Amino acid sequence: MEQSLLNSFKRFSDGDELHAYTYLGCHKTQRNGVEGYVFRVWAPNAHGVSVTGDWNFWNREDLPMVWLKNGIWEGFSRYAKEGDAYKYCIRKADGNYVYKSDPYGFRTQRLPETSSRVCTLSGYEWGDAQYRRQQGKKKLLDSPMNIYELHFGSWRRKPDGSCYAYDELADELVPYLKEMGYTHVELMPLSEHPFDPSWGYQITGYYAPTSRYGEPKQLMAFVDKCHQAGIGVILDWVPAHFPKDEYGLREFDGSCCYELSDPMMNEHPDWTTRIFDFGKGEVQSFLISNAVYWLEMYHID
């Protein structure tokens, strides 16, 4: 194993990693000259992990992952392709299996399906370089701000009642923001979430823009269009808790992996959601890397 990867694993465990999403999750790569996708997942107390997906007909025996270090498992497939749905099949200590979406997955299936999807984020050509340069020179604390908060799916609908896609809504929203004198738009959470009335505040896919409004590069286009019009984009971020849907982070490897283990402390009494264990380095790296991810990959302000 490359020393650089071992160093990354150590930073991840120590809580010092800012870019865990660059090597955990699903990434296009080459192995011995063969193109394919590598999958890595943190599941320290699992008794076995495999990758199941469209390319192997969801056969949990087809792609067993190997234990690397620091609780991280790895698998490689030459047959997976862009857009394929997949989950991790985790064998728990009691011998039972559970299917989990990828905590670092960049894309998900359209609800009510809950699988992650193979997705490469590179390739979008940004046009907001001038905006970002100007923002870098500004004394932001001394600059006027007028922020418009909205929920993406309900601000405006098409005549047939369907939602606008990310890039489509920008064409509707930006002229309104400019006319009303707003400097920024603040979006309620856009990470994948299973329950519409939560408004996005109970997240199952921290690294995946919700599939309700389109694909990742369409969200990039939304931010790009706002920036080119001089509008900043702020995204509500939810690092406090997560829902108990089986395919999500709850007891991810059969144990309290992302949440506190004490049953008196690991559940929010009002929302019945699980509370992150902020004392674990791996959880710190997961959340800090997520904040960096939205800033770097989507140019969120």
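A few points on the structure.

Cis peptide bonds are those with omega within 30 degrees of zero, and the linkage from Leu 111 to Pro 112 qualifies with 15°. As for its placement among the helices and strands, Pro 112 is situated in the loop between strand 7 (97–100) and strand 8 (116–117). We note that Asn 32 has phi near 55°; this positive angle belongs to a residue other than glycine. Mapped onto the secondary structure, Asn 32 falls in the loop between strand 1 (25–31) and strand 2 (34–42). A relative accessible area of 84% means that Asn 32 is categorised as exposed. Even without glycine at this site, Phe 57 takes up a positive phi of about 55°.

Spatially, four strands are ordered 1-2-5-4 in an open sheet, and the strand pairing comes out antiparallel. In this open sheet, the two edge strands, each paired with only one partner strand, are strand 1 and strand 4 (66–69). Across this sheet, the average inter-strand angle for adjacent strands is 35°, counted without regard to direction. In this sheet, strand 5 (residues 72–77) lies alongside strand 4 in antiparallel orientation, the contact comprising three bridges. Bridge assignment links Val 66 to a residue of strand 5, and that residue is Glu 74.

Here we take up the side chain of Ser 289. Inspection of the secondary structure assignment puts Ser 289 in helix 5 (residues 281–297). At 3.0 Å, the side chain of Ser 289 forms a polar contact with the backbone nitrogen of Ala 20. Among the polar contacts made by the side chain of Ser 289, one reaches the main-chain carbonyl oxygen of Ser 285 at a distance of 2.8 Å. The residues touching Ser 289, leaving out its near neighbours within four places in the chain, are Glu 17, Leu 18, His 19, Ala 20, Tyr 21 and Tyr 207.

Attention now moves to the nonpolar core. Taken as a class, soluble globular proteins show a tendency for nonpolar side chains to be buried jointly. Core analysis: the biggest nonpolar cluster contains 73 residues, and Phe 39, Tyr 88, Phe 222 and Tyr 258 have the highest contact counts within it. For Tyr 258, the residues in contact, after removing those within four places along its chain, are Trp 42, Pro 103, Tyr 104, Phe 242, Leu 249, Phe 252, Ile 275, Phe 276, Asp 277, Lys 280, Val 283 and Phe 286.

Before going further, it helps to spend a moment on the packing of helix 1 (residues 3–14) against helix 5. Where helix 1 meets helix 5, the closest approach of the two axes is 5 Å, and the angle between their N-to-C directions is 100°. The angle between helix 1 and helix 5 falls in the class roughly perpendicular. Along its contact with helix 1, which presents Arg 11, Phe 12, Ser 13 and Asp 14, the element helix 5 presents Gly 281, Glu 282, Gln 284 and Ser 285. For the contact of helix 1 with helix 5, a count of residues per class yields one nonpolar, four polar and three charged.

With respect to topology, three strands assemble into an open sheet ordered 9-10-13, the strand pairing being parallel. Either end of the sheet is taken by a strand with one partner, and the two such strands are strand 9 (147–150) and strand 13 (232–235). Between one strand axis and the next, the sheet turns by 25° as a mean value, whatever way the strands run. As paired strands, strand 9 and strand 10 (residues 184–187) are joined by four bridges and run parallel to one another. Bridge pairing in strand 10 links Glu 149 to Glu 186.

Applying the stated rule across the entire model yields 17 salt bridges. With its nearest N and O atoms 2.9 Å apart, the salt bridge here joins Glu 74 to Arg 31. Residue Glu 74 is located in strand 5, and its partner Arg 31 is located in strand 1; the two are separated by 43 residues in the primary sequence. The salt bridge involving Glu 251 is made with Arg 250; its shortest N-O contact spans 4.0 Å. Look at Arg 250 and you get partly exposed, because its relative accessible area is 21%.

Quick look at the packing of aromatic side chains now. For the coordinates displayed, the defined rule picks out 32 aromatic pairs. With a centroid separation of 5.2 Å and 70° between ring planes, the pair formed by Tyr 21 and Tyr 293 is classed as edge-to-face. Placement of the pair is Tyr 21 in the loop between helix 1 and strand 1 and Tyr 293 in helix 5, with a sequence separation of 272 residues. Neither Tyr 21 nor Tyr 293 differs from the other in exposure class; each is buried. Geometrically, the ring pair formed by Phe 276 and Phe 286 is tilted, given 6.3 Å between the ring centres and 40° between the ring planes. With Phe 276 in the loop between strand 15 (274–275) and helix 5 and Phe 286 in helix 5, this residue pair connects regions lying 10 residues apart in the sequence.

What counts and how
- Residues numbered from 1 in each chain as written.
- Predicted model: local features only at pLDDT ≥ 70, side-chain atom pairs only at ≥ 80, totals over all residues.
- Heavy atoms only, no water.
- Helix = DSSP H or I, 4+ residues; strand = E, 2+ residues; numbered from the N terminus.
- Buried < 20%, exposed > 50% of the residue type's maximum accessible area, 1.4 Å probe, protein only.
- Pairing = 2+ DSSP bridges.
- Axes fitted to C-alpha atoms, helices over the stretch in contact; angles between N-to-C directions.
- Polar contact = N/O pair within 3.5 Å; in protein donor to acceptor, adjacent residues only side chain to side chain.
- Contact = heavy atoms within 4.5 Å.
- Core = buried A, V, L, I, M, F, W, Y, C linked by side-chain atoms within 4.5 Å.
- Parallel < 35°, antiparallel > 145°, perpendicular 65-115°, else oblique.
- Nonpolar A, V, L, I, M, F, W, Y, C, P; charged D, E, K, R; others polar.
- Salt bridge = Lys/Arg side-chain N within 4 Å of Asp/Glu carboxyl O.
- Phe/Tyr/Trp six-rings, centres within 6.5 Å; stacked < 30°, edge-to-face > 60°.

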